[in-house]
Every structure is written in structure tokens, then in C-alpha cells.
Amino acid sequence: MDTIASLFSFITWPVSWVIVQFHKVYGAIFGPDTGWAWGLSIVSLVVLIRICLIPLFVKQIKSTRNMQALQPKMKAIQERYKSDKQRQSEEMMKLYKETGTNPLSSCLPILAQSPFFFALYHVLSNIASGKEIGVMNQALVDSARQAHIFGAPIAAKFMDSPEKVEALNASLTDVRIVTAIMIIMMSASQFFTQRQLMMKNVDLSVKTPYMQQQKMLMYIFPVIFAVMGINFPVGVLVYWLTTNVWTMGQQMYVINQNPTPGSKAQDAYLQRLLKSITHHGEVRGRRRKSVVKVVVAKGSDRNENERRFFGGLAKAGFAAQADGTVIKGDTIAAEAEGGAAAKRQQPKRQTKAQRQAAAAQPTTAKETDEVSEPVAEKASPSLEKKPQGPAKTGASDATAAKDEAQRDKPARPSRANSGNSRQQGKTGQRKGQQRPKHPSSKK
């Protein structure tokens, strides 16, 4: 470990300088030789480094999003080359290269912290040996050697001998208890951080090599740090425990506020958003409006969580708009009603019985007169008195001629037979006088 730390000795000067500056501040509050002053100086170093690494963290998130977007293509490659693992790996690497995605991007923050980590280890090792390092003179080194965190010197290790621990004015039991607790907390925080990412912020419906890699790292990293932790000074354990807690909190914020599409975290976020919209009647916040806007723009490409969110909006009487806002259901109904009223009113469609009844009734006064006229004319001769004498001969002849013409006129169908007439019309038969057959036609 000392050999590896010496490789980063070029960075020990800035690391020691930052620690000394923070020590001046905390030393004025807690005392220059206390464990609080030196411990908080290390914690502040971690916070400063993690703030500087935020751009890398953002890049890590973007790369993770790209990996999630490639899940369907990766699954298709798996299905296509199911029996050829080598070809499958080649196609995966080709896909990564074409899309500019790095599956190891999740390790970027850890890799970027490595120089600072080993530089701090080099500084604390020199403090344990009583040697000057970086900007720390002998007085500062002696002050740091006397600093204890819960009874353990910041330069002591779990594997130190009793003589070395005694030289630091501490008890071996205290050192091993404190370091063991810190190693367990460091490994547990590492495991919980990775598990939180795997269980909440990853689409588990698609199994890919990336998923297997992340799952493997979830178990490997805690074991690695537990094994290496027994050789870490207390100050380095403070450093690594602090960075794990920072990573866990930072990741928790990202999962809650910007979850991966298709993950459990997205479902929980959309349900919280639905509850807020139902309670307030609107989308509150610019970021939430942008989320709704993106989901609306997806159209038919929405995942199950997003479709469930839109279904909940519809049940609550809301509809999402393209600008990220929502409108109430009564507004939609009013707009629809206004649009329907503006349209031309269409007559109601009649049933077959109604159409037949309408066709059976006379539609004009002329038809009514034509139907009633034969009946009246037929009844009039019976009401008239028979002509007596020769003076009535002309009138009788005229009446007889009129009756003859009426008999020759085809009779119109009555109301009762109108339905039968229409039925017979379908077969091509018509009532009334038929045309005389040609003499040459056979009977």
C-alpha cells in the first residue's frame, strides 16, 4: 500500500495544504490538537473533492441513461446470438462504440478519487511515523499524532502492533474496536449505495451484461474495501466513510428527482406527481412540467409506469397537455359540448317500422281526395232516387258513363293493403290494370 501511495506523492502537497487550511478553521473552534479538528478537516476535504467531481457524476448519470436507452437493442442482440457468446460480446462492444456509451462509466467517480485517496493515505502514514509531509511541518505532524477519534489516533491501523499503538498514546483494544466499526460501516454503505441503484433506478425487465456487471460490483466492492480496510489508517477510514455517505445521499436525490425510465423509482415519482396534481389541480414546478412534457411527447412509446400515470390522470378527471400542464375534465367536456353544438344537427334515424308506417299514410291532399273520391261516387247512386219517366234519361246515361269510366280506372291501394303492396313491389308485381297480351303470345 505504501508503494502505491508513493506513486501519487505529487498530489500530497495540495492535499496536505487543504487539510491544514481546514484545520486552522476547526482548530480555532475545537482546539488544534483535538480529534474533532483533524477529523472534520478530513471530512471537509472529502466534501471539497466531491463538489469538484460533480461534472463527472453528471456524466455518469448520462451514461447510465444511455445504457438504459440501449436495453431493447441489447436484448435483441442477446436473442439473435443466443448460442454464440463470443459474437454476442462483439456485437455489444460494437453497439457501445457506435453510441459512444461506456459501460464502466459508473466507476468514474471512484477512479477520479483514487489519487486523492492514496495521497491522503501517504500523508497519514508519514504522520504515524512522525515525518514532515507536504506543507505540514513538525509541529502540525505532532498535533495530528495526538488527535484521537473516539480513542483511536487518526494515524493508527487495525493491524498495527501493540507497540506502535502505544507509541501513539492509545490502547490496541480501542483502536481495533473503532477501526472494525468503521470498516463495517464503510462496507455496508458501499453495498447499500449499489443495491439502491440496482433495485430502484434500473429497469429490471431487461437482462443484459451491463446488469450482470452492476450486480457483480454490488457484492465485490464491499468485500474489497473490507479486506483493504484493515490496512487503512483511521483518517483514511473517515475519508472513505464520508465519501460513501456523500455518494449515497447524492444518488438518493437523483433517484427521487430524476429516476431512470422504466424503473421502480420512476413509478414512485410519477405516483407522487399524480398525487400532487390531484391535490392542487395543477402541475407545480418547472422541473415537474418538463417531466410531464417529455412523457406526453413520447406518445405510444411510453413505458408501463407512464401509461399508469396517464390512466390515473384520466380517472382523476385531468388531461396532460403538450406544454407540461394539465386541464380538468369539466373543461374538456365543455369544449367538446361547444364543438358539438356548432356542428349541423342531423335528423334521427327512423326504424323500418316507422318508415313503413310513414309510406302507408297519404302525404298530400290530392292523394287523400283520390282515395276518398271513388268511395263517395260509389255511394252516391244509392242515395239518389231512381229516375222516373223519360225526362231523366239523359242524366242516367251520364251517370252510367261516369260509373263505367270509374270502373275502368285502376283502384289505389288502401291503408290496410299498403304494406302488402310494398311487399309485392319487391317481386316486380303491381296492382292495377295489366297491359293486354299480344295476340301472338301464348296464353
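Up top is the structure these notes are about.
Criteria and cut-off values
- Residues numbered from 1 in each chain as written.
- Predicted model: local features only at pLDDT ≥ 70, side-chain atom pairs only at ≥ 80, totals over all residues.
- Heavy atoms only, no water.
- Helix = DSSP H or I, 4+ residues; strand = E, 2+ residues; numbered from the N terminus.
- Buried < 20%, exposed > 50% of the residue type's maximum accessible area, 1.4 Å probe, protein only.
- Contact = heavy atoms within 4.5 Å.
- Areas by Shrake-Rupley, 256 points an atom, 1.4 Å probe, with all protein chains shown as cover.
- Salt bridge = Lys/Arg side-chain N within 4 Å of Asp/Glu carboxyl O.
- Phe/Tyr/Trp six-rings, centres within 6.5 Å; stacked < 30°, edge-to-face > 60°.
- Lys NZ or Arg CZ within 6 Å of the ring centre and 35° of its normal.
- Core = buried A, V, L, I, M, F, W, Y, C linked by side-chain atoms within 4.5 Å.
- Axes fitted to C-alpha atoms, helices over the stretch in contact; angles between N-to-C directions.
- Parallel < 35°, antiparallel > 145°, perpendicular 65-115°, else oblique.
- Left-handed = near helix turned anticlockwise from the far one by under 90°.
- Nonpolar A, V, L, I, M, F, W, Y, C, P; charged D, E, K, R; others polar.
- Patch = residues over 30% accessible without salt bridge, like charges linked within 9 Å, V, L, I, M, F, W, Y side chains within 5 Å.
- Arc of directions from axis to C-beta.
- Polar contact = N/O pair within 3.5 Å; in protein donor to acceptor, adjacent residues only side chain to side chain.

Novice: What is the right way to look at the overall build of the chain in this model?
Specialist: From N to C terminus, the chain includes 20 helices and four strands. Burial analysis of the chain (443 residues in total) assigns 36% to the buried set. Within the chain, contacts between residues at least 6 apart in sequence are counted, and of these 66% link residues at least 24 apart. Counting every atom, the chain has about 27,500 Å² of accessible surface; 58% of that belongs to carbon and sulfur.

Novice: Would you mind going over unusual backbone geometry with me for this structure?
Specialist: Trans is the prevailing form of peptide bonds, just as negative phi is the prevailing case for residues other than glycine. At Phe150, a position not held by glycine, the phi torsion is positive, near 55°. Within the secondary structure, Phe150 is located in the loop between strand 1 (148-149) and strand 2 (152-153). A residue is classified by how much of its surface remains accessible, and Phe150, at 71% relative accessible area, is exposed. The backbone of Asn169 shows a phi angle near 60°, a positive value even though the residue is not glycine. Residue Asn169 is classed as exposed on the basis of its relative accessible area, which comes to 61%.

Novice: I would appreciate a short explanation of the pattern of salt bridges in the present structure.
Specialist: Opposite charge on two side chains permits pairing when their charged atoms draw close. All chains considered together, the criterion is met by seven salt bridges. Here Glu282 ties to Arg284 by a salt bridge, and the two come within 3.6 Å at their closest N and O atoms. On the basis of relative accessibility, which here comes to 45%, the residue Arg284 falls in the partly exposed class. A salt bridge links Lys298 to Glu306; the nearest nitrogen and oxygen atoms lie 2.7 Å apart. The class for Lys298 is partly exposed, based on a relative accessible area of 27%.

Novice: Whenever I open this one, the packing of aromatic side chains confuses me. Can you help?
Specialist: The geometry of an aromatic ring pair comes down to the distance between the two centres and the angle between the two planes. A complete count under the given rule lists 11 aromatic pairs for this structure. Three or more aromatic residues link up through ring pairs in this structure, and these residues are Phe117, Phe118, Tyr121, Phe221, Phe225, Phe232, Tyr239 and Trp240. A cation sits over an aromatic face here: Arg176 above Phe158, 5.5 Å from the ring centre. Against the face of Phe310 rests Arg302, its NZ or CZ located 4.1 Å from the ring centre.

Novice: Please clarify how the side chain of Gln190 should be interpreted in this entry.
Specialist: Residue placement: Gln190 occurs in helix 10 (residues 172-200). When neighbours within four sequence positions are excluded, Gln190 is seen to be in contact with Phe221, Pro222, Phe225, Trp240 and Asn244.

Novice: I'm lost on the environment of Phe158 in this one. Help?
Specialist: Its location among the elements puts Phe158 in the loop between strand 2 and helix 9 (162-167). Overall, Phe158 belongs to the partly exposed group, its relative accessible area being 23%. In the structure, Phe158 is positioned 72 residues away from Ile230 in sequence and 5.1 Å away in space, judged by C-alpha atoms. Those residues in contact with Phe158, other than ones at most four positions away along the chain, are Arg176, Thr179, Ala180 and Ile230.

Novice: Where do I start with the nonpolar core in this structure?
Specialist: In globular proteins that are soluble, nonpolar side chains generally tend to be buried together. Formed by 49 residues in total, the largest nonpolar core has its most connected members in Trp38, Leu45, Phe117, Leu120, Ile127, Met136 and Tyr239. Sorting the residues of this core by element identifies helix 2 (12-30), helix 3 (35-52), helix 7 (108-129), helix 8 (138-146), helix 10, helix 11 (209-229) and helix 12 (234-257) as the ones contributing at least two each. The leading source of residues in this core is helix 7, at nine residues. Not counting the four nearest positions on each side in its chain, Leu45 is found in contact with Val15, Val18, Ile19, Phe22 and Leu120. Ranked by size, the runner-up nonpolar core spans 15 residues in total, among them Leu273, Leu313, Phe318 and Val326.

Novice: What exactly am I supposed to notice about the packing of helix 13 (residues 264-280) against helix 14 (residues 286-298) here?
Specialist: Any two packed helices are characterised by the angle at which their axes cross and by the distance between the axes. Contact pair helix 13 / helix 14: the axes reach a minimum separation of 12 Å and the direction vectors enclose 110°. By the criterion of interaxial angle, the relationship of helix 13 to helix 14 is roughly perpendicular. You can see that helix 13 and helix 14 cross each other, and the crossing is left-handed. Here helix 13 contributes Tyr269, Leu270, Leu273 and Ser276 to the contact with helix 14, which in turn contributes Arg287, Arg288, Val291 and Val292. A per-class count over the contact of helix 13 with helix 14 returns five nonpolar, one polar and two charged.

Novice: Which parts of the structure should I look at to understand a nonpolar patch on the surface?
Specialist: Together, Val25, Ile29, Phe30 and Trp36 make up a nonpolar patch on the protein surface, roughly 450 Å² of accessible area in all. In terms of residues, the nonpolar patch owes the most to one element, helix 2, which gives three residues. Mapped onto the secondary structure, Trp36 falls in helix 3. Take Trp36: its relative accessible area is 57%, and that puts it in the exposed class.

Novice: When you look at helix 5 (residues 71-80) in this model, what are you seeing that I'm missing?
Specialist: For the α-helix, the turn length of 3.6 residues means that residues three or four positions removed from each other point alike. For helix 5, every residue scored as buried is listed here: Gln71, Met74, Ile77 and Gln78. Viewed end-on, helix 5 has its buried residues packed into an arc of 120°, placing them on one side of the element. Turned more than 90 degrees away from the buried face of helix 5 sit Pro72 and Arg80, all of them exposed.

Novice: Help me out: how do you make sense of the environment of Pro14 in this one?
Specialist: You can see Pro14 is positioned in helix 2. Taking the C-alpha atoms as reference points, Pro14 and Val135, 121 residues apart in sequence, are found 8.4 Å from one another.

Novice: Help me out: how do you make sense of the side chain of Ser143 in this one?
Specialist: Tracing the chain through its elements places Ser143 in helix 8. A distance of 2.9 Å separates the side chain of Ser143 from the backbone oxygen of Pro32, its partner in a polar contact. Ignoring sequence-local partners within four residues, the contact set of Ser143 consists of His23, Pro32, Asp33 and Trp38.

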